[in-house]
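Observations on the model geometry
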Amino acid sequence: LVLRSSAIIVGSYREDEVSPDSLFRRILSEGEKMNVAQIQVLPLGITAVENLVSYALRMSRRLIRPLAEVVLKKTDGNTFFAIQFLVSLCDEGLLLYDEKCRRWRWNFDKLRTKDIADDLVDIFMS
């Protein structure tokens with residue numbers, strides 16, 4: 001009786017941050033032998049960011065469009081950055097829910113000057 005086991009490993013990397021001679025790149029190049037599948041995740045465009053922000057805040061795309069533009073500019077369309085950027089705006093009081101008006105409010109001047117970490121690890125550790 002031969003037992004077979006399987007494993008799934010999910011990894012993520014930025015194309016421009018992995019050198020051609022790295023171990024990771026060698027593993028990827030031998031992917032067919034090891035049944036490795038690669039999925040390229042492209043940056044979100046403005047429509048996708050508008051949908052994300054609109055859904056998260058439960059507001060119309062028309063109302064959140066300026067906020068979505070700031071999110072796109074600050075995150076370069078990176079899904080993980082966009083979500084964490086919205087969370088950090090709430091945590092820092094830059095994105096607030098107005099109970100009286102029953103909608104979210106933000107200050108564009110403060111949003112435009114807000115820094116975002118260059119690395120996801122920095123964001124998740126903060």
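Rules and cut-offs
Residues numbered from 1 in each chain as written. Predicted model: local features only at pLDDT ≥ 70, side-chain atom pairs only at ≥ 80, totals over all residues. Heavy atoms only, no water. Pairing = 2+ DSSP bridges. Helix = DSSP H or I, 4+ residues; strand = E, 2+ residues; numbered from the N terminus. Phe/Tyr/Trp six-rings, centres within 6.5 Å; stacked < 30°, edge-to-face > 60°. Buried < 20%, exposed > 50% of the residue type's maximum accessible area, 1.4 Å probe, protein only. Core = buried A, V, L, I, M, F, W, Y, C linked by side-chain atoms within 4.5 Å. Contact = heavy atoms within 4.5 Å. Expected span 1.5 Å × (residues − 1). Polar contact = N/O pair within 3.5 Å; in protein donor to acceptor, adjacent residues only side chain to side chain. Salt bridge = Lys/Arg side-chain N within 4 Å of Asp/Glu carboxyl O. pLDDT = per-residue confidence, 0-100. Axes fitted to C-alpha atoms, helices over the stretch in contact; angles between N-to-C directions. Parallel < 35°, antiparallel > 145°, perpendicular 65-115°, else oblique. Left-handed = near helix turned anticlockwise from the far one by under 90°. Nonpolar A, V, L, I, M, F, W, Y, C, P; charged D, E, K, R; others polar.

1. Section: the pairing of strand β2 (residues 103–106)
In this sheet, β2 lies alongside strand β1 (residues 95–98) in antiparallel orientation, the contact comprising four bridges. Residue pairing for β2: Tyr 97 is matched across the bridge by Trp 104. Counting the residues in the hairpin turn of β1 and β2 gives four residues, including Arg 102, whose phi is positive at 60°.

2. Focus on the packing of aromatic side chains
In this structure the tally under the stated criterion is two aromatic pairs. With 5.5 Å between their ring centres and 70° between their planes, Tyr 97 and Trp 104 make a pair best called edge-to-face. For Tyr 97, a relative accessible area of 39% translates into the label partly exposed. Ring centres of Trp 106 and Phe 108 lie 6.0 Å apart, and the angle between their planes is 85°; this geometry places the pair in the edge-to-face category. On the accessibility criterion, Phe 108 (24% relative accessible area) is partly exposed.

3. Here we look at the nonpolar core
The biggest cluster of nonpolar side chains holds 18 residues, and the ones touching the most others in it are Val 53, Leu 57, Leu 67, Val 71, Leu 89, Leu 95 and Trp 106. Broken down by secondary-structure element, the contributors of at least two residues to this core are α2 (46–57), α3 (61–75), α4 (79–91) and β2. Per-element tally for this core: the top contributor is α3, with five residues. Excluding residues within four positions of it along the chain, Val 71 makes contact with Val 49, Val 53, Ala 82, Phe 85 and Leu 86.

4. Quick notes on α4
Across its 13 residues, α4 extends 18 Å between first and last C-alpha, which sits within 8% of the 18 Å expected from 1.5 Å per residue. Capping of α4 at its N-terminal end is provided by Asn 78; its side-chain oxygen lies 2.9 Å from the backbone amide nitrogen of Phe 80. Positive backbone phi, approximately 75°, marks Gly 93, located one or two places after α4.

5. Details of unusual backbone geometry
Backbone geometry places Arg 58, a non-glycine residue, at a positive phi of 55°. Examined against the element boundaries, Arg 58 turns out to sit in the loop between α2 and α3.

6. Regarding the pattern of salt bridges
Side chains carrying opposite charge are able to pair once their charged atoms draw close together. Under the counting rule described, the total for this entry stands at four salt bridges. Here Glu 50 ties to Arg 61 by a salt bridge, and the two come within 2.6 Å at their closest N and O atoms. Taken together, the residues span a long stretch of sequence, with Glu 50 in helix α2 and Arg 61 in helix α3 at a distance of 11 residues. For Glu 50, a relative accessible area of 5% gives the class buried.

7. Regarding the confidence of the model for the protein
Looking at the protein, pLDDT values average 83 and 86% of them are 70 or higher. Model confidence for the protein, summarised as mean pLDDT per element, is weakest for helix α6 (residues 120–125) at 55 and strongest for α2 at 97.

8. Observations concerning the packing of α3 against α4
At a minimum axis separation of 9 Å, α3 and α4 run at an interaxial angle of 120°. Relative to α4, α3 is oriented oblique. As α3 packs across α4, the resulting crossing turns out to be right-handed. Within the contact between the two elements, α3 uses Leu 67, Val 70, Val 71, Lys 74 and Thr 75 and α4 uses Phe 81, Ala 82, Phe 85, Leu 86 and Leu 89. Here the residues of the contact of α3 with α4 are counted per class, giving eight nonpolar, one polar and one charged.

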